[in-house]
Amino acid sequence: MSELLRVDHISKRFGDFYANKNIDLTIESGEIHTLLGENGAGKSTLMNILIGLYQPTEGRIFLRGKEVRIESPSQAVSLGIGMVHQHFMLVDAMTVFENIILGDRKAKGLFIDRDARRREIEELAARYGFHVQLDRLITEISVGEQQRVEILKALYRGAELLILDEPTAALTDIEVEGLFDVMEKLKAEGKSIIFISHKMREVLHISDRITILRAGETVTTVGRGEMDGQGLANLMIGRELSESHYEKKEPDGKTVAVMDHVSYHRQSKHNGLSDINMTIHAGEIVGIAGVDGNGQTQLAQVITGVISPEEGAMNLKDTKVAAFDPLEFIRNGTAHVPEDRNLQGLVSDMSIADNIVLKRTESEQFSSGNGLFLKKNVISSYAEEMAQKYDIRCRSVDQDVRSLSGGNQQKVILARELESMPDLLVVAHPTRGLDIGATRFVRDQMVAARDRGVGVLLISADFDEILELSDRILVLFEGQIMGEYSGKNPPIEEISMAMTGK
Ligand SMILES: Nc1ncnc2c1ncn2[C@@H]1O[C@H](COP(=O)(O)OP(=O)(O)OP(=O)(O)O)[C@@H](O)[C@H]1O
Ligand SMILES: [Mg+2]
């Protein structure tokens, strides 16, 4: 094997904080090299340096033995480096096709042969087994599909070194398998991949070598099979993590939400709901199992008042819902950890503190005169308490949310929603993008909320997560509930079948 890329003593400082410190890393041709590290360890920062978004404070980069300066993403592309970012960089108002050819040198000029481009993209998609709808707007497709578009775009540009920053976070198991096939194919073609994931099973499966980062520094690099998951986790977080086991409970009888024959876009198999009957009681976790894109998004939206059903009715506690309006739902005790944290969850150019109190600025705790005068000091110290409790890795709670690492942004939403003392907590993919320590913490918090009497609706594409946490499991397929199972000793085979409509 030959060395493709070498990073030599790279550091990156933001103010007086080192996000990367003295990093050494070598990428061989034809290898899949994983970066493993906790939320905030510095993985994305390092990748952003390689793609030319950030300039390193110190250190040098060598490509095929020659020193290079990567000053912009377009220069990185011309050097053969492509990246799929952790947060999507797609243009919402454009179609999938337009996004893929955006900035493509082949497509420049007046006469873009759109048909030829299209065929090329379709061939590429078919070759790697990606299903994408080229004429849909980005806003119309699921997060999983957006992820596929990003990958396709990088492949289309023909990268020698492909950086995949948490590409699997929003993919279904089958899609992950498809992506791994793609990665193996690229590897066989001699291309190199830097892969980032918090899912240990994936990391152990796909990596040729693994480099562990901790607090911005490289800990070590290990080869395939040299270390097991537990060993890697210990190096990554610097402490042991015991096995987790949550007790399953029976609810106490009070209902917090009832859906009665609810339908929404009934004909749409992937974005609709068809005759949903569902009850969530106080003190239970109801898990929705299913492949993403079978109505999960719409279910979460109806039950948090974002959209109103076309047929059927809903009760919150004992009161029939008169108006589907998110603010009304919040006032009536509903909390929501949304699927897309960037769009619906956070205001990224506001501070961590302001995001944490976002929905409660009118409360007496944080303001006087119904939100007219904010109690800045109270907000600050409360936010600091939350940052401590939820282990939000930041320098100050006055920092913009956008400067946090991906996983730490997720913790801000969780802190806000879980601490709002809801009756009903609707969580979609709560641990997506979280490292193993943070995942454990968040699951503990959901179970603790249940034990306080909160009714929890857990939507997750991670079947293991559903099995681990749910007191009751409902399977959603093509907008319909296919079956209901107890969370105690659930029939795993049967549920898996139901998830595919069988
Ligand atoms: N533009 C910035 N300004 C200030 N601090 C930043 C900036 N970008 C990143 N950081 C900080 O650098 C550290 C490393 O962040 P980075 O995004 O590289 O982490 P990560 O390893 O990718 O984490 P995750 O697994 O959560 O995605 C974090 O503490 C983050 O807050
Ligand atoms: Mg990251």
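Remember, it's a predicted structure, so these values are computed and weren't measured experimentally.

## Observations concerning the overall build of the protein chain
1) Next: Helix and strand counts for the protein chain come out as 17 helices and 22 strands.
2) Next: For a compact globule of 502 residues, the expected C-alpha radius of gyration is about 23 Å, and the protein chain comes in at 23 Å, within 12% of that figure.
3) Next: Principal-axis analysis of the C-alpha atoms places the extent of the protein chain at approximately 70 × 55 × 50 Å.
4) Next: Each of the 502 residues in the protein chain was classed as buried or not, and the buried ones make up 43%.
5) Next: Taking as baseline every contact in the protein chain between residues at least 6 positions apart, the subset at least 24 positions apart corresponds to 70%.

## Re the site of ligand 1
1) Next: Near ligand 1, the surroundings consist of 18 residues, among which A19, N39, S44, S405 and G407 are the closest.
2) Next: Those elements giving two or more residues to the shell around ligand 1 turn out to be helix 1 (43-50) and helix 14 (406-418).
3) Next: Taken together, the residues of the shell around ligand 1 sort by class into four nonpolar, twelve polar and two charged.

## Points about the sheet that holds strand 3 (residues 32-36)
1) Next: Taken in spatial order, the six strands of this open sheet run 6-7-8-3-9-10, and their pairing is mixed. If you trace the sheet from one side to the other, it starts and ends with strand 6 (81-84) and strand 10 (217-223), each paired once. Across the sheet, the mean angle from the axis of one strand to that of its neighbour is 20 degrees, orientation sign disregarded.
2) Next: With four bridges joining them, strand 3 and strand 9 (residues 209-214) adopt parallel strand pairing. Across the sheet, L36 pairs through a bridge with I212, a residue of strand 9.
3) Next: The sheet contacts of helix 8 (residues 229-237) involve strand 3, strand 9 and strand 10, and relative to strand 9 the element is tilted by about 30 degrees.

## Focus on the domain arrangement of the protein chain
1) Next: Looking at the protein chain, the domain boundaries give domain 1 (3-237) and domain 2 (255-333 + 422-499).
2) Next: Each of domain 1 and domain 2 has a C-alpha centre, and these two points are 32 Å apart.
3) Next: The interface is formed by twelve residues belonging to domain 1 together with eleven residues belonging to domain 2.

## What about the nonpolar core?
1) Next: Counting residues in each nonpolar core, the largest one holds 68 residues, and the members touching the most others are I352, V427, V456, L457, L458 and V475.
2) Next: A76, A169, A170 and A233 belong to the second largest nonpolar core, which has 60 residues in total.

## Digging into the sheet that holds strand 22 (residues 480-486)
Hydrogen bonds between backbone groups are what pair the strands of a sheet, and the pairing can be parallel or antiparallel.
1) Next: Within the open sheet, the six strands sit side by side as 16-19-20-13-21-22. Their pairing is mixed. The two strands at the open ends of the sheet, each matched to only one other strand, are strand 16 (334-337) and strand 22. Mean inter-strand twist for the sheet, computed between neighbouring axes without regard to direction, equals 15 degrees.
2) Next: Packing of helix 14 onto the sheet brings it into contact with strand 16 and strand 19 (424-428), and relative to strand 16 it is tilted by some 170 degrees.
3) Next: Strands in contact with helix 15 (residues 436-451) are strand 13 (285-289), strand 19 and strand 20 (455-459); relative to strand 20, the strand with the most contacts, it is inclined by about 150 degrees.

## With respect to the packing of helix 14 against helix 15
1) Next: Where helix 14 contacts helix 15, the two axes come as close as 12 Å, and the packing angle between them is 10 degrees. In terms of orientation, helix 14 lies roughly parallel with respect to helix 15. Only A438, V442, Q445 and A449 of helix 15 make contact with helix 14, whose side of the interface consists of G407, K411, L414 and L418.
2) Next: The class makeup of the residues in the contact of helix 14 with helix 15 is five nonpolar, two polar and one charged.

## Some thoughts on unusual backbone geometry
1) Next: Located in the positive-phi region is A215, a residue other than glycine, with phi close to 45 degrees.
2) Next: Topologically, A215 is positioned in the loop between strand 9 and strand 10.
3) Next: Non-glycine residue D275 carries a positive phi angle of around 55 degrees.
4) Next: You can see D275 is positioned in strand 12 (residues 273-281).
5) Next: For D275, a count of 15 C-beta atoms within 10 Å puts it in the partly exposed group.

## Let's talk about the environment of G231
1) Next: Positionally, G231 belongs in helix 8.
2) Next: We classify G231 as exposed; it has 11 C-beta atoms within 10 Å.
3) Next: For the pair G231 and T26, spaced 205 residues apart in the sequence, the C-alpha separation amounts to 22 Å.

## A few points about the environment of I32
1) Next: Within the secondary structure, I32 is located in strand 3.
2) Next: With 24 C-beta atoms packed within 10 Å, I32 lands in the buried category.
3) Next: Taking the C-alpha atoms as reference, I32 lies 37 Å from H336; in sequence the two are 304 residues apart.

## Here's the deal with helix 17 (residues 492-499)
1) Next: Residues I495, A498 and M499 constitute the buried set of helix 17. The buried residues of helix 17 all sit within an arc of 105 degrees when viewed along its axis, so they share a single face.
2) Next: Those residues of helix 17 that are buried are in contact with strand 13, strand 21 (472-477) and strand 22.

## Section: the packing of helix 4 (residues 114-128) against helix 5 (residues 143-156)
1) Next: The geometry of helix 4 relative to helix 5 is characterised by a closest axis approach of 10 Å and an angle of 110 degrees between their N-to-C directions. On the basis of their axis angle, the class for helix 4 and helix 5 is roughly perpendicular. The element helix 4 and its partner helix 5 pack so that their crossing is right-handed. Together, I121, L124, A125 and Y128 of helix 4 and L152, L155 and Y156 of helix 5 make up the contact between the two elements.
2) Next: Its residues assigned to classes, the contact of helix 4 with helix 5 comprises seven nonpolar, no polar and no charged.

So, how was this worked out
- Residues numbered from 1 in each chain as written.
- Chains lettered and ligands numbered in written order.
- Predicted model: local features only at pLDDT ≥ 70, side-chain atom pairs only at ≥ 80, totals over all residues.
- Helix = DSSP H or I, 4+ residues; strand = E, 2+ residues; numbered from the N terminus.
- Rg over C-alpha atoms; globule rule 2.2 N^0.38 Å.
- Buried ≥ 20, exposed ≤ 12 C-beta atoms within 10 Å, placed from the backbone.
- Contact = placed C-beta atoms within 7 Å.
- Near = placed C-beta within 6 Å.
- Nonpolar A, V, L, I, M, F, W, Y, C, P; charged D, E, K, R; others polar.
- Pairing = 2+ DSSP bridges.
- Axes fitted to C-alpha atoms, helices over the stretch in contact; angles between N-to-C directions.
- Domains from an automatic or database assignment.
- Core = buried A, V, L, I, M, F, W, Y, C linked by C-beta atoms within 7 Å.
- Parallel < 35°, antiparallel > 145°, perpendicular 65-115°, else oblique.
- Arc of directions from axis to C-beta.
- Left-handed = near helix turned anticlockwise from the far one by under 90°.

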